[in-house]
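Inside the fold
Here's the letter readout for the chains.
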Amino acid sequence: MMTKKGEGMYRRKEVQSEWGFIGDVLKIALGVFIGSMAAVFTYEGVLVWRAEQASRQVMKEFKALEEKQKLAQQQRLQQEKEQKERQYRQQEEREHQRQQQVLAARKKEQAWSNFFQPSYTCRVDPSRGDCADMHIRARTAFEAQYRE
């Protein structure tokens, strides 16, 4: 048995609404409006998410820059400290060398005093020519012999 086209199958009956064609247009417009609003809110959500990501990235770069500056500051302070220590050691070394030179000069002067004792007449009148000659010869001999 054959059924006629449309028989036996469920078919929705068309219902006429009170609003008619205008109601259908309003329904479609309302759907488009709601869809547009959903798209706008989604777009705004994406913008907010991108802004948050950009903010996080900027903060991350800012922290990295701060760390870099902090490290550079620490290195600069360390270099300044090392420079001051080097200057202090150099100053101490110069002072030590100066003290050694003073000590050596005192030792040499003491050795000279022990090496040469002018005669009584030369102590009384050191401006005499023979005293000056004797002093020069003794000093030359002393310098030739003296070793620190």
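Quick look at the structure, then. Because the structure is predicted, anything quoted here is derived from the model rather than measured.

1. Re helix 3 (residues 129-145)
Between its first and last C-alpha, helix 3 extends 24 Å over 17 residues, near the 24 Å set by a 1.5 Å rise per residue. Listed as buried for helix 3 are Cys131, Ala138 and Phe142. Viewed along the axis of helix 3, the buried residues span an arc of 40°, placing them on a single side of the element. Residues Ile136, Arg137 and Ala144 are exposed on helix 3 and point more than 90 degrees away from its buried face. The inward-facing, buried residues of helix 3 abut helix 1 (20-115) and helix 2 (120-124).

2. Remarks on the state of the cysteines
This model, assessed by the stated rule, comprises one disulfide. Residue Cys122 pairs covalently with Cys131 via a disulfide, S to S 1.9 Å. Its S-S torsion of approximately -90° makes the covalent link between Cys122 and Cys131 left-handed.

3. Some words on the pattern of salt bridges
In the structure shown here, the tally under the stated rule is five salt bridges. One salt bridge connects Glu80 with Arg76, and the closest N-O pair in it is separated by 3.9 Å. Highlighted residues: Glu80 and Arg76, both in helix 1, separated by four residues, approximately one helical turn. For Arg76, a relative accessible area of 38% puts it in the partly exposed group. Salt-bridge contacts for Glu143 lead to Lys108; the nearest nitrogen and oxygen are separated by 2.9 Å. Highlighted residues: Glu143 in helix 3 and Lys108 in helix 1, separated in sequence by 35 residues. For Lys108, a relative accessible area of 26% puts it in the partly exposed group. Where salt bridges share partners, they join Lys108, Arg139 and Glu143 into one cluster.

4. So, the packing of aromatic side chains
In the structure shown here, the tally under the stated rule is five aromatic pairs. Three or more aromatic residues joined by ring pairs form one cluster here, namely Trp112, Phe115, Phe116, Phe142 and Tyr146. Here the guanidinium or amino end of Arg139 rests over the ring plane of Trp112, the centre of that ring lying 4.5 Å away.

Rules of the game
- Residues numbered from 1 in each chain as written.
- Predicted model: local features only at pLDDT ≥ 70, side-chain atom pairs only at ≥ 80, totals over all residues.
- Heavy atoms only, no water.
- Helix = DSSP H or I, 4+ residues; strand = E, 2+ residues; numbered from the N terminus.
- Expected span 1.5 Å × (residues − 1).
- Buried < 20%, exposed > 50% of the residue type's maximum accessible area, 1.4 Å probe, protein only.
- Arc of directions from axis to C-beta.
- Contact = heavy atoms within 4.5 Å.
- Disulfide = S-S within 2.5 Å.
- Salt bridge = Lys/Arg side-chain N within 4 Å of Asp/Glu carboxyl O.
- Phe/Tyr/Trp six-rings, centres within 6.5 Å; stacked < 30°, edge-to-face > 60°.
- Lys NZ or Arg CZ within 6 Å of the ring centre and 35° of its normal.

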